[in-house]
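Structural features, examined
Chain by chain, the residues run as shown.
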Amino acid sequence: VRGGDAYYIDNRTRCSIGFSVQGGFVTAGHCGRVGSTTAGYNRATQGTFQGSSFPGNDYGWVRVNSNWTPQPVVNGYRSGGNVQVRGATEAPVNASVCRSGSTTGWHCGRITARNATVTYPQGRVSGLIRTTVCAEPGDSGGSLVTADRNNAHAQGVTSGGSGNCRSGGTTYFQPVGEILSRYNLRLL
Ligand code: TYR
């Protein structure tokens, strides 16, 4: 289990892993309901959503079976190998951040606001991190980390936004601290 890698929900939709925690991983809430089953990047049986909140929030967590081992890393895609996650210290507005996701890989930008509210067709989500980082469908749930690859700190999981990775976009992220405290999880 590695941040940014693909997983599949109920054998259909693809999302991305956010961050490994003890017993599984955190991801976006809109990716699955409590009880939704997941398969890994290789389509092997993986786990089950234990918690999910969307809209209002956009977070959830998946417990994985013993064939899967949560690792404290994020997939660096074309930018190189795995990026070690060193902690979850919150970065300020203007900080350089990068996102890992299974559709478009590794993309970077800046935090432009905290505590942002977005209105999706399903309803409003508040308390989000707004960024200049691009994303596309399937990147959802994936990891946002501070940009220093040697000292990357977990920031959030990909929620949604506008634009794409050709023209650029605005993407919103659910802060990771709130997910960990809500479900009493520990980042690996
Ligand atoms: N919400 C999308 C998903 O479920 C991810 C996404 C993010 C899509 C930003 C578009 C966008 O601009 O996969």
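Before reading on, note that the structure itself is shown above.
Criteria and thresholds
Residues numbered from 1 in each chain as written. Predicted model: local features only at pLDDT ≥ 70, side-chain atom pairs only at ≥ 80, totals over all residues. Heavy atoms only, no water. Helix = DSSP H or I, 4+ residues; strand = E, 2+ residues; numbered from the N terminus. Buried < 20%, exposed > 50% of the residue type's maximum accessible area, 1.4 Å probe, protein only. Polar contact = N/O pair within 3.5 Å; in protein donor to acceptor, adjacent residues only side chain to side chain. Contact = heavy atoms within 4.5 Å. Near = heavy atom within 4 Å. Areas by Shrake-Rupley, 256 points an atom, 1.4 Å probe, with all protein chains shown as cover. Nonpolar A, V, L, I, M, F, W, Y, C, P; charged D, E, K, R; others polar. Pairing = 2+ DSSP bridges. Axes fitted to C-alpha atoms, helices over the stretch in contact; angles between N-to-C directions. Disulfide = S-S within 2.5 Å.

Residue Pro55 is reached from Phe54 by a cis peptide bond, and omega for that bond is -10 degrees. Positive phi, close to 90 degrees, is recorded for Asn94, a residue that is not glycine. The residue Asn94 is located in the loop between strand S9 (83-87) and strand S10 (96-101) in this model.

A few words now on the side chain of Thr131. With respect to the helices, strands and loops of the structure, Thr131 is situated in strand S12 (residues 123-131). For Thr131, a relative accessible area of 1% translates into the label buried. A distance of 3.2 Å separates a polar side-chain atom of Thr131 from the backbone nitrogen of Val133. At 2.9 Å, the side chain of Thr131 and the backbone oxygen of Thr171 are in polar contact. Residue contacts for Thr131: discarding those within four places in its chain leaves Val97, Arg110, Ile111, Thr112, Leu144, Gly169, Thr170, Thr171 and Phe173.

As a structural note, the neighbourhood of the ligand is formed by His30, Ala135, Glu136, Pro137, Gly138, Ser140, Ser159, Gly160, Gly161, Ser162 and Gly163. In the model, an oxygen atom of the ligand is placed 3.4 Å from a nitrogen or oxygen of the Ala135 main chain. Taking Ser159, its main chain carries an N or O atom lying 3.0 Å from a nitrogen atom of the ligand. Look at the ligand: alone it shows 340 Å² of surface, and the protein chains cover 82% of it. Its residues assigned to classes, the shell around the ligand comprises two nonpolar, eight polar and one charged.

On the basis of which strands lie adjacent, the open sheet formed by seven strands has the order S2-S1-S5-S6-S7-S4-S3 and antiparallel pairing. Across the chains shown, the open sheet's two edge strands, defined by having one partner strand only, are strand S2 (13-16) and strand S3 (19-21). Taking each pair of neighbouring strands and ignoring which way they run, the sheet shows an average axis angle of 35 degrees. Across four bridges, the pairing between strand S1 (residues 6-9) and S2 is antiparallel. Its bridge partner being in S2, Tyr8 is matched across the sheet by Arg14.

Let us now look at the state of the cysteines. Disulfide: a covalent bond connecting the sulfur atoms of a pair of cysteines. The tally for this structure, following the rule as stated, stands at three disulfides. The side chain of Cys15 participates in a disulfide bridge whose partner is Cys31; the two sulfur atoms lie 2.0 Å from each other. Where Cys15 bonds to Cys31 through sulfur, the torsion about that S-S bond is close to -85 degrees, and the disulfide is left-handed. Here the residue Cys15 occupies a position in strand S2, and Cys31 occupies one in the loop between strand S4 (24-27) and strand S5 (37-39), the gap between them amounting to 16 residues. In this model Cys98 forms its disulfide with Cys108; the gap between the sulfur atoms is 2.0 Å.

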